[in-house]
Amino acid sequence: MAPKTSELESRTDRRTFLQAVGAAGAAATIAGCTGDDPEETGNGNGNGNGNGNGNGNGNGDTDDEPDDPVHGGTLRVGYEAELTGLDPHNISSVVSWNAVYNVCETLVTFEEGETVGSIAEDWSVDGLVYTFQIREGIQFHPPVSRELTAEDVAYSINRMRDEDAATDDIRNNVAGAEATGDYEVEIELEDSFGPFLPFLARPNFVVIPEEAVEDQGGEIGDFQEPVGTGPFVFDEHQQGDFFRLTAFDDYRHEEYPYVDEVEVTIIPDEDSRGLAVRNDDVDFARDVPYRDADQLQDGDDTKVFLEDGTGWAQIHINCSREPWDNPDVRRAVAHVFDRQAVVDTALAGLGTPAWQPYPEGNFWHFDDLENTRERDLERAQEILDEAGNPLEDETLVIKTTSAYPVMEASAEILQANLTEAGIDAEIDNLDWGTMLDDFISSNFGAMAFSVPFKEDPDRHYFGFLEEGGYNKYGDDQPDAERIRELIVEGRREMDQDARLEIYEELEELVQDHLPWISVSHAPNVIGLRENVYGVEEWFLPYNRYWTVWLDE
Amino acid sequence: MTEVHQYAIKRALSAIPVLLLVSFIIVALIRLVPGGPAVIMLGADADPQQIEHLRESMGLNQPLYVQYVEYMSGLLRGDLGESYMTGQAVSAAVAHRLPISLSVALGGFFVSLLIAIPAGTISALKQDSKSDYAALTFGLLGVSIPNFWLGIMLLLVFGVYIGWFPVAGYVSPLDDPLEGIRYLVLPSVTLGTAMAAIVTRMLRSEMLEEIRKEYSNAVRMKGVSDLRVLRHVMKNAFIPVITVIGMQAGYLLGGSVVIEVVFSIPGMGRLLIDSIHARDYIMLQGVVIIYTALFILVNMVVDITYFYLNPKLRE
Amino acid sequence: MRRLRLFAVRFRKSRLAMAGAGVLSTFVFIGLFGPYLAPHDPATMNTANALAGPSLEHPFGTDNYGRDVFSRVLAGARIALTVAVFVPIVSMSIGVPVGLVSGYFGGWIDNVLMRVMDSLFAFPAILLGLTLVAVFGQGLRNIIIAIGIVFIPQFARITRGSAASAAKEEHVKAARSTGASHLRILGVHILPFCLSAIMVQASITAAVAILIEASLSFLGVGIPAPEPSWGTMLETAKGYVESAWWFGFFPGVAIIFAVLGFNLLGDGLRDVLDPRMGPSR
């Protein structure tokens with residue numbers, strides 16, 4: 001694959017094209033063989049993750065796609081990291097959740113951005129009590145091979161309240177669960193909790209059968225060979241090497257899954273995952289480097305699928321540390337920052353600059369934010385002048401890590417922008433572990449960071465802004481009291497439209513006072529072999545293998 | 001019991017305190033690594049209580065000597081503990097990855113001898129000829145080129161542009177000999193070059209020395225064929241060269257770490273780097289201890305071989 | 001004085017030594033004055049012109065942020081020079097005293113010290129470097145300390161060898177019989193005897209130190225971005241080899257140049273100081 005002379009030009013075209021597709025919120029599957037003409041390939045009609053992911057029509061999108069899905073075959077998948085265990089209630093990594101998501105099911109799930117029933121058919125809310133009606137006829141995988149009942153749901157929810165379970169949302173908010181009939185279960189909350197349903201749709205809140213857990217030891221963490229009701233049956237896990245799932249014949253959606261088997265290998269090196277697709281070692285590689293997207297798309301046998309807005313990068317600021325405790329300093333810095341440059345370098349042009357947590361098209365995206373801090377050097381200078389030049393003898397320090405390109409690029413570009421604007425700035429580049437330590441203990445002035453897409457704004461705002469939260473937004477800061485009210489109101493309010501207004505007001509205050517500076521929304525690049533179809537994007541950045549099929 | 005046996009036993013016994021000291025240094029050093037695996041495992045959503053809880057359950061709050069004694073008693077039973085991150089047994093991970101790294105190191109070893117023996121010999125026999133200068137230049141350049149850079153360049157030329165060899169990855173030569181060797185060629189050449197340079201220089205100077213000695217002997221005892229002189233020269237010159245080769249075993253092991261990263265080979269080196277980044281102490285410490293033990297073992301074997309080959313030492 | 005003049009004459013006659021000195025003086029010059037020679041600021045980004053190939057404006061092309069690779073390579077010389085100078089100093093400051101004491105006194109002190117050195121020597125260099133950096137943390141100062149520790153045993157062994165043979169010399173015995181203190185004997189009679197071997201070792205250590213720093217940085221545990229360390233540049237460049245060869249090519253050439261200089265000097269010094277030893281290690 002020698003670089004061609006016209007590489008730079010064609011790269012630009014492609015990037016613009018990919019970006020255009022991304023901005024339209026389309027789940028873009030791009031056939032590599034169709035050349036540079038956007039007209040030819042750009043008929044992506046899937047919906048972005050905002051208002052509706054995984055709605056079934058985002059697959060394929062190319063002219064040469066065969067009409068009907070084919071059953072059979074083994075889907076070979078490349079993962080970016082080894083699983084950190086498979087007990088659904090004791091795992092903490094994206095790859096592990098991704099595996100569990102294909103084996104076990106939750107009470108509710110997301111379709112088209114909405115919370116809809118999965119194991120639960122229907123539900124009602126009465127004060128602090130949620131009553132779920134369970135679907136009849138849902139079968140557990142072998143060796144359990146029996147019908148799922150309300151008892152299993154109650155057991156699973158209560159298991160998550162264990163101190164060792166990695167599910168503090170349930171522990172902190174749920175008072176208990178009880179089966180009130182064969183197909184009816186009641187969950188009582190401690191306190192009114194607006195994001196409860198979306199929380200329940202996360203793949204760690206799955207329903208599992210007690211006898212299988214007991215067979216494997218019974219304790220939290222013991223359930224390493226998960227048994228569930230999902231489209232795939234857990235088959236084998238060889239640590240450090242691979243794990244295998246096989247199709248569940250009695251799955252309640254008869255057409256799924258299409259493939260007989262999913263075999264996942266662990267390929268920690270990002271360049272190697274891209275190569276593995278090119279070498280036909282895997283059919284489907286998660287998290288391929290952005291800079292390889294062009295090449296995979298250009299390849300005759302490979303293509304690329306973009307999962308939109310799976311990462312939100314920001315510059316976090318510790319608002320109680322000098323000189324960052326001065327809101328004018330934060331405002332000026334936000335105006336100096338060239339977010340597009342971060343997107344161009346670290347994301348190879350495939351993301352979008354961001355001014356708020358959720359990308360366009362998402363329910364939680366605010367269309368009419370007033371005071372967004374666009375790059376504006378004059379405005380920055382004005383703010384500093386009016387504030388009496390608080391940065392005159394200061395050197396700003398930005399912590400970052402090279403472990404994630406977007407964090408490194410955010411810090412490097414911000415530093416370059418600041419220097420250009422006559423503000424002294426330094427980078428403190430740490431290894432990932434030290435940086436996480438520093439983040440959790442708020443040991444930073446400014447830190448380039450990035451978090452994965454979260455299903456509810458509460459999961460972003462609350463932890464950052466609560467009293468003593470990561471951003472140390474103290475009582476002396478402007479509107480601190482109002483901000484604190486809003487994060488609690490947002491949590492307690494049950495009506496989603498009312499919550500939208502609450503968070504919009506909150507985000508306006510964030511724009512004004514900047515406890516953090518939003519940087520970019522990044523897609524996840526999935527590398528695919530040409531004959532892989534039916535890849536769908538879900539609301540959260542996990543892949544559903546049951547909709548995928550292979551055209552041999 | 002011969003002298004060689006006695007020496008071997010003495011040498012093996014003297015390796016034990018070194019091993020113990022080294023393992024203690026490793027365990028102690030690794031406890032000093034700032035930050036803990038607990039944070040990385042729980043991620044940014046963790047609260048301090050959870051982290052403390054996890055630290056306790058990992059036994060990280062115990063005094064160092066307790067951790068060391070527990071670890072060493074496990075080690076004697078072949079139990080190197082379990083990875084904090086994945087729960088995988090360290091011994092299983094090492095058993096899986098070590099053969100991969102060894103095959104890369106062996107490949108580098110063969111390549112280096114394949115280059116060094118002819119280059120060193122010819123260079124010594126034709127002193128001050130063009131081929132001698134070529135060998136000398138190679139000897140200097142070979143030790144000056146960073147092996148990862150050489151790897152990247154070879155990969156670019158032979159992997160990407162010409163496409164003779166795969167760009168990354170690993171196939172075991174035991175599973176598929178032909179394909180396995182294809183995957184090993186570039187890493188082996190990369191790894192072997194510096195060692196080839198060192199051995200070439202060493203071999204050349206040792207042979208020159210021997211030739212000088214043998215030349216006067218040969219003149220005295222006329223009628224001895226050149227070939228037999230050469231054989232004698234080579235045999236004597238090889239004795240010190242073997243020590244150098246042994247010393248280089250450490251280089252090969254260390255160098256394989258870098259090579260595995262360049263060529264995306266899932267060996268011990270990759271495991272080492274990943275566990276450093278993940279603060280996976282138990283894995284890191286297991287891997288470093290195995291590497292070091294191997295290094296000590298190789299050096300021991302080399303010393304014994306050297307003793308066996310060198311009659312002067314035995315007197 | 002006479003010895004020094006003899007050294008100078010021999011040095012000038014040695015082609016290896018002179019070549020090494022030539023390469024190294026260029027390297028030192030760039031290390032000291034690189035920032036003034038650079039056509040661009042090595043930190044200034046121009047993302048619109050990222051990964052542009054070599055041109056008159058950018059003789060070595062630009063990197064992923066559109067920075068001038070030529071200017072960054074020049075700036076990297078200062079980091080390499082710092083490593084090459086300070087690593088041998090760190091190693092010597094512990095290794096040489098240990099070697100002197102060990103070689104001069106012998107006996108159980110020698111035994112204990114050498115066992116400790118052996119266990120330090122039992123780690124492959126890169127591995128010890130990696131572990132130490134994991135402990136100390138990244139950054140230029142910590143890298144220098146870590147690599148410095150790695151090379152302590154080499155200096156200790158070499159000094160010990162020379163010191164042991166020096167201790168047998170007549171004038172040392174004579175000094176001892178006149179009641180001179182151990183410290184004085186070590187400083188006045190034994191250390192000078194060891195100097196030539198130490199110098200050769202220092203030169204070789206400088207070469208290897210540059211290589212190890214580059215390797216650690218390449219592995220992502222050395223000097224962190226955006227410092228223009230050659231190894232750090234290569235770490236980033238690895239991801240772009242297929243699309244921008246210049247980004248990874250030139251920093252590597254710079255490393256070879258600097259390392260070659262020290263290796264030539266080391267070989268040359270060995271020839272000059274001890275013609276019998278020949279170019280071997």
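Residues numbered from 1 in each chain as written. Chains lettered and ligands numbered in written order. Predicted model: local features only at pLDDT ≥ 70, side-chain atom pairs only at ≥ 80, totals over all residues. Heavy atoms only, no water.

Along chain C, the regular secondary structure elements total 11 helices and 0 strands. Shown N-terminal to C-terminal, the secondary structure of chain C runs as helices and strands in the order α-α-α-α-α-α-α-α-α-α-α. The principal-axis extents of the C-alpha atoms in chain C amount to approximately 75 × 45 × 30 Å. For chain C, the proportion of its 281 residues judged to be buried stands at 57%. Of the contacts made within chain C by residues no fewer than 6 positions apart, 69% connect residues no fewer than 24 positions apart. Counting only carbon and sulfur atoms, one obtains 66% of the accessible surface of chain C, whose full area is about 11500 Å². (Helix = DSSP H or I, 4+ residues; strand = E, 2+ residues; numbered from the N terminus. Buried < 20%, exposed > 50% of the residue type's maximum accessible area, 1.4 Å probe, protein only. Contact = heavy atoms within 4.5 Å. Areas by Shrake-Rupley, 256 points an atom, 1.4 Å probe, with all protein chains shown as cover.)

On to the domain arrangement of chain A. Residue and element names in this part refer to chain A. The domains assigned to chain A are domain 1 (11–102 + 221–307 + 527–550), domain 2 (108–215) and domain 3 (310–523). On the domain 2 side, the residues contacting the 30 residues of domain 1 number 32 residues. Approximately 2400 Å² of surface area, both sides summed, lies buried where domain 1 meets domain 2, with 63% of it carried by carbon and sulfur atoms. Taken as a group, His89, Val227 and Arg252 account for 30% of the area that domain 1 buries against domain 2, more than any other trio of residues on that side. (Domains from an automatic or database assignment. Buried area = accessible area lost by both parts, 1.4 Å probe.)

The next point concerns helix 9 (residues 226–262) of chain B. All names here are of chain B. With 37 residues, helix 9 extends just 46 Å between its outermost C-alpha atoms, more than 12% less than the 54 Å of an ideal straight helix rising 1.5 Å per residue. A bend of about 40° at Ile239 is the largest found in helix 9, and the proline Pro240 appears one to four places after it. Positioned one or two residues after helix 9, Ser264 has a phi angle of 50°, which is positive. (Expected span 1.5 Å × (residues − 1). Bend = angle between axes of the 7 residues up to and from the residue.)

The next subject is the environment of Gly267(B). As for its placement among the helices and strands, Gly267(B) is situated in the loop between helix 9 and helix 10 (268–278). If we ignore the near neighbours within four places in the chain, the residues touching Gly267(B) are Arg97(B), Ile100(B), Ser101(B) and Glu260(B).

Before going further, it helps to spend a moment on the pairing of strand 16 (residues 424–430) of chain A. Working note: regular strand, side chains alternate between the two faces of the sheet. Residues and elements named next belong to chain A. Where strand 15 (residues 395–401) lies against strand 16, 7 bridges are found, and the strand directions are parallel. Each bridged residue has a counterpart across the sheet, and for Val397 the counterpart in strand 16 is Glu426. Handedness of the strand 15-helix 13 (residues 405–420)-strand 16 crossover: right-handed. (Pairing = 2+ DSSP bridges. Right-handed = clockwise from strand over helix to strand, strands pointing away.)

Take the packing of aromatic side chains next. Ring pairs (aromatic) are described by centroid distance and by the angle formed between their planes. Residues and elements named next belong to chain A. Per the stated rule, a full pass over the model turns up 47 aromatic pairs over all chains. Consider the rings of Tyr256 and Tyr258, whose centres lie 5.7 Å apart with planes at 85°: the pair is edge-to-face. Residue Tyr256 is classed as partly exposed on the basis of its relative accessible area of 21%. A relative accessible area of 11% means that Tyr258 is categorised as buried. (Phe/Tyr/Trp six-rings, centres within 6.5 Å; stacked < 30°, edge-to-face > 60°.)

So, on to the interface of chain C and chain A. Each partner contributes to the interface: chain C provides 14 residues, whereas chain A provides 21 residues. Our count for the chain C to chain A interface comes out at 3 salt bridges. The residue Glu412(A) makes a salt bridge to Arg67(C) at a minimum N-O spacing of 3.0 Å. Here chain C is connected to chain A by 6 residue pairs in polar contact (both at pLDDT 80 or more). The residue makeup of the side of chain C that touches chain A, split by class, is 6 nonpolar, 5 polar and 3 charged. (Salt bridge = Lys/Arg side-chain N within 4 Å of Asp/Glu carboxyl O. Polar contact = N/O pair within 3.5 Å; in protein donor to acceptor, adjacent residues only side chain to side chain. Nonpolar A, V, L, I, M, F, W, Y, C, P; charged D, E, K, R; others polar.)

Moving on, we come to the nonpolar core. Judged by nonpolar contacts, the single largest core of 160 residues is most densely connected at Leu75(A), Tyr79(A), Phe132(A) and Leu465(A). Broken down by element, this core gets its largest block of residues, 8 residues, from helix 13 of chain A. (Core = buried A, V, L, I, M, F, W, Y, C linked by side-chain atoms within 4.5 Å.)

Let us now look at empty space enclosed by the protein. A full pass over the atoms with the stated rule returns 8 cavities of 30 Å³ or more. Looking at the lining of the largest cavity, the elements with two or more residues in it are helix 10 and helix 11 (281–309) of chain B together with helix 5 (125–136) of chain C. The element best represented in the lining of the largest cavity is helix 10 of chain B, accounting for 3 residues. For the second largest cavity, the calculated volume is near 90 Å³. Forming the boundary of the second largest cavity are 14 residues, of which Arg67(C), Arg72(C), Thr232(C), Met233(C) and Thr236(C) lie nearest the centre. Elements supplying a minimum of two residues to the lining of the second largest cavity: helix 13 of chain A together with helix 10 (230–238) of chain C. (1 Å grid on protein atoms, 1.4 Å probe; cavity = no way out; pocket = protein on both sides within 12 Å on 5 of 7 lines; lining within 4 Å. Points joined across faces, edges and corners; volume = space filled by probe spheres on them.)

Our focus in this paragraph is the sheet that holds strand 8 (residues 184–189) of chain A. Residue and element names in this part refer to chain A. Overall, antiparallel pairing links the 4 strands, which are arranged 5-6-8-7 in an open sheet. Every other strand in the sheet has two partners, leaving strand 5 (120–126) and strand 7 (174–181) as the edge strands with one partner each. Ignoring strand direction, the axes of neighbouring strands in this sheet form an average angle of 20°. As paired elements, strand 6 (residues 129–134) and strand 8 share 5 bridges and run antiparallel to each other. Directly across from Phe132, in strand 8, lies its bridge partner Val185. Helix-sheet contacts for helix 4 (residues 150–159) involve strand 6, strand 7 and strand 8, and the interaxial angle to strand 7 is about 170°. (Axes fitted to C-alpha atoms, helices over the stretch in contact; angles between N-to-C directions.)

Our focus in this paragraph is the packing of helix 9 of chain B against helix 10 of chain B. Residues and elements named next belong to chain B. At a minimum axis separation of 7 Å, helix 9 and helix 10 run at an interaxial angle of 85°. In this view, helix 9 runs roughly perpendicular relative to helix 10, as classed from their interaxial angle. Residues Val257, Glu260 and Val261 of helix 9 pack against Met268, Gly269, Arg270, Leu272 and Ile273 of helix 10. Classifying every residue of the contact of helix 9 with helix 10 gives 5 nonpolar, 1 polar and 2 charged. (Parallel < 35°, antiparallel > 145°, perpendicular 65-115°, else oblique.)

All names here are of chain C. Looking at chain C, the pLDDT average stands at 88 and 96% of residues meet or exceed 70. When pLDDT is averaged over each helix and strand of chain C, the minimum, 79, is found for helix 1 (residues 2–13) and the maximum, 95, for helix 3 (residues 69–105). In this model residues 275–281 is a low-confidence stretch, pLDDT under 50, and it forms 19 contacts with partners more than four residues away in sequence or in other chains. The ipTM assigned to the predicted complex is 0.89, against a pTM of 0.84. (pLDDT = per-residue confidence, 0-100.)

Once that is clear, we can look at the side chain of Thr190(B). Residues and elements named next belong to chain B. Within the element layout of this structure, Thr190 appears in helix 8 (residues 177–220). Classification of Thr190 as buried rests on a relative accessible area of 1%. For Thr190, the side chain forms a polar contact with the main-chain oxygen of Leu186, separated by 2.6 Å.

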